[in-house]
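Topology and contacts: notes
In case you want the letters, here they are:
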Amino acid sequence: MSIEIKVPPLPESVSDATLVAWHKNAGESVSRDENLVDLETDKVVLEVPAPSSGVIAKIVVENGATVEAGDILAILEEGEVAAAPAEAATEAPAQKPAPAPVEAKGPAKTSPAVRRLLDEHDLDATMVMGSGKDGRITKGDVMSFLKADDSSNVTPGDPAPAASETVVSGFERSEKRVPMTRLRARIAERLVVAQATAAMLTTFNEVDLTKVMALRSRYKESFEKKHGVRLGFMSFFAKASVEALKRFPVINASVEGTDILYHNYYDIGIAVSSDRGLMVPVLRDVDQMSFAEFEGALGDIAGRAQAGTIGMEDLTGGTFTITNGGIFGSMMSTPILNQPQSAILGMHTIQKRPMVVDGDIVARPMMYLALTYDHRIIDGSEAVRFLVSIKEQLEDPARLMLQV
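These figures come from a predicted structure and were not determined experimentally.

1. Looking at the side chain of Lys 24
By the secondary structure assignment, Lys 24 is in the loop between strand E2 (17-22) and strand E3 (29-30). Overall, Lys 24 belongs to the buried group, its relative accessible area being 16%. A distance of 3.3 Å separates a polar side-chain atom of Lys 24 from the backbone oxygen of Ser 29. In this structure the side chain of Lys 24 is engaged in a polar contact, spanning 3.3 Å, whose partner is the side chain of Glu 34.

2. Observations regarding the sheet that holds strand E5 (residues 45-49)
The strand order across the open sheet built from 4 strands is E5-E4-E2-E7, with neighbouring strands paired in antiparallel fashion. Unpaired on one side and paired on the other, E5 and strand E7 (66-67) mark the two borders of the sheet. Looking at chain direction, strand E4 (residues 35-40) and E5 are connected through 5 bridges and run antiparallel. By the bridge assignment for E5, Asn 35 is matched with Pro 49.

3. Concerning the nonpolar core
Leu 39, Leu 73 and Phe 320 are the most contacted members of the largest nonpolar core, which totals 77 residues. Not counting chain neighbours up to four residues away, the residues in contact with Leu 73 comprise Ile 5, Lys 6, Val 7, Leu 19, Trp 22, Val 37, Leu 39, Val 48, Ile 59, Val 60, Val 61 and Val 67.

4. What about helix H7 (residues 380-395)?
For an α-helix, the turn length of 3.6 residues means that residues three or four places apart are oriented alike. Taking 1.5 Å of rise per residue, 16 residues should cover 22 Å, and H7 covers 23 Å from first to last C-alpha, within 8% of that figure. Looking only at H7, the buried set comprises Glu 382, Ala 383, Phe 386, Leu 387, Ser 389, Ile 390, Gln 393 and Leu 394. Angularly, the buried residues of H7 cover 150° about the axis, an arc narrow enough to put them on a single face.

5. What to know about the pairing of strand E19 (residues 360-374)
Where strand E9 (residues 200-208) meets E19, 9 bridges bridge the pair, whose relative direction is antiparallel. Residue pairing for E19: Met 200 is matched across the bridge by Asp 374. Two strands pair when backbone bridges link them, and strand E17 (residues 343-347) and E19 are joined in this way by 4 bridges, in the antiparallel orientation. Pairing of Ile 344 across the sheet is with Thr 372, part of E19. Connecting strand E18 (residues 351-357) to the next strand, E19, in antiparallel fashion are 2 residues, including Asp 358 with a positive phi near 50°.

6. Brief notes about the packing of helix H5 (residues 234-247) against H7
Where H5 contacts H7, the two axes come as close as 9 Å, and the packing angle between them is 135°. When the interaxial angle is binned, H5 and H7 end up oblique. As H5 packs across H7, the resulting crossing turns out to be right-handed. Across from Phe 236, Phe 237, Lys 239, Ala 240, Ser 241, Glu 243, Ala 244, Leu 245 and Arg 247 in H5, the residues of H7 making contact are Phe 386, Ser 389, Ile 390, Gln 393 and Leu 394. A class-by-class count of the residues in the contact of H5 with H7 yields 8 nonpolar, 3 polar and 3 charged.

7. Here we look at the side chain of Asp 374
Take Asp 374: it is sitting in strand E19. Among the polar contacts made by the side chain of Asp 374, one reaches the side chain of Arg 376 at a distance of 2.7 Å. With near-sequence residues (within four places) excluded, Asp 374 lies in contact with Ala 198, Ala 199, Val 255, Leu 337 and Ser 342.

About the criteria used
- Residues numbered from 1 in each chain as written.
- Predicted model: local features only at pLDDT ≥ 70, side-chain atom pairs only at ≥ 80, totals over all residues.
- Heavy atoms only, no water.
- Helix = DSSP H or I, 4+ residues; strand = E, 2+ residues; numbered from the N terminus.
- Buried < 20%, exposed > 50% of the residue type's maximum accessible area, 1.4 Å probe, protein only.
- Polar contact = N/O pair within 3.5 Å; in protein donor to acceptor, adjacent residues only side chain to side chain.
- Pairing = 2+ DSSP bridges.
- Core = buried A, V, L, I, M, F, W, Y, C linked by side-chain atoms within 4.5 Å.
- Contact = heavy atoms within 4.5 Å.
- Expected span 1.5 Å × (residues − 1).
- Arc of directions from axis to C-beta.
- Axes fitted to C-alpha atoms, helices over the stretch in contact; angles between N-to-C directions.
- Parallel < 35°, antiparallel > 145°, perpendicular 65-115°, else oblique.
- Left-handed = near helix turned anticlockwise from the far one by under 90°.
- Nonpolar A, V, L, I, M, F, W, Y, C, P; charged D, E, K, R; others polar.

It is worth stressing that arrangement in space is one thing and function is another; only the former is reported here.
If you want it as structure tokens, here you go:
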């Protein structure tokens, strides 16, 4: 029986998608629930699984095409035992057996980014041992395999190896035109709109993280042993932000026309860098979470964002955003609003700097904080006091526990 493979229902507010890559060719056999093709929307990559085992009889839409919900992508001939492609009948019956995998067999399910990397280097997923959750293969696993395999010791973006050791003088000037991904184009659009519609202003402060670092160092091993998650810095900043938002509700609000919409909940977006671009997955009701619950939820949602398996519902509806440029070495920046939110907190790298403490100059681990806010509804005094509140809580972490 022939089955039409169609574009599944798209997320709300998404009208179409781009067909990124087929993972099967016409004539190839497939298993039920095996991913056939990746569809990229403005926010997420959707996988289209096979509804039944069989053979791909025809591919209707090629890579790069724009599709809408319900469009036919391919025709599948159903059958538990897949027939061989017609072309295969004309080939010689005896073929050289494929080489055995170099490592233990890994999982078949991989993220779109990992599959593209495997395709670039003509690798099969079974050749790479996965270290991710449930044995999932990560980009790091692929890169480690490439480095360990002399025949494929190349990283993406490296120039092609020279034919000999001869040093060639000079170089050839070239250009490469690459279209934006849908996500990158959407990010660009949103940033331009934010710049054009909000009265953005940034205020700065600095925080001494001596006590937070000491507290984290003292309890991180027992924390991880008890809760099974690592105690990071982000949970301290998120909890401090929530307490500050409670004191200054307008910073947790948004603009709707000529109205100010106040939220009595605290859904915090955490900016995450991925191969497809910047994503801001949202953690709901952070005020109700313990440190361990927050760290666990953050690890899960950030991992799915980086793997390209996150859902649209996890990327919408935040009331406040935190971005950490410090993990890349940023000393100071002015983050751009994630509309319709009215403020975003920027964290930066921790550096030891000379500070005057009780009349003495001492080295302290310092971080610059930046708060970009919409001056249409947030006054400068509120923005400054908001940052001071975060600073006070982080410099005396007992305040976080006592909520004072």
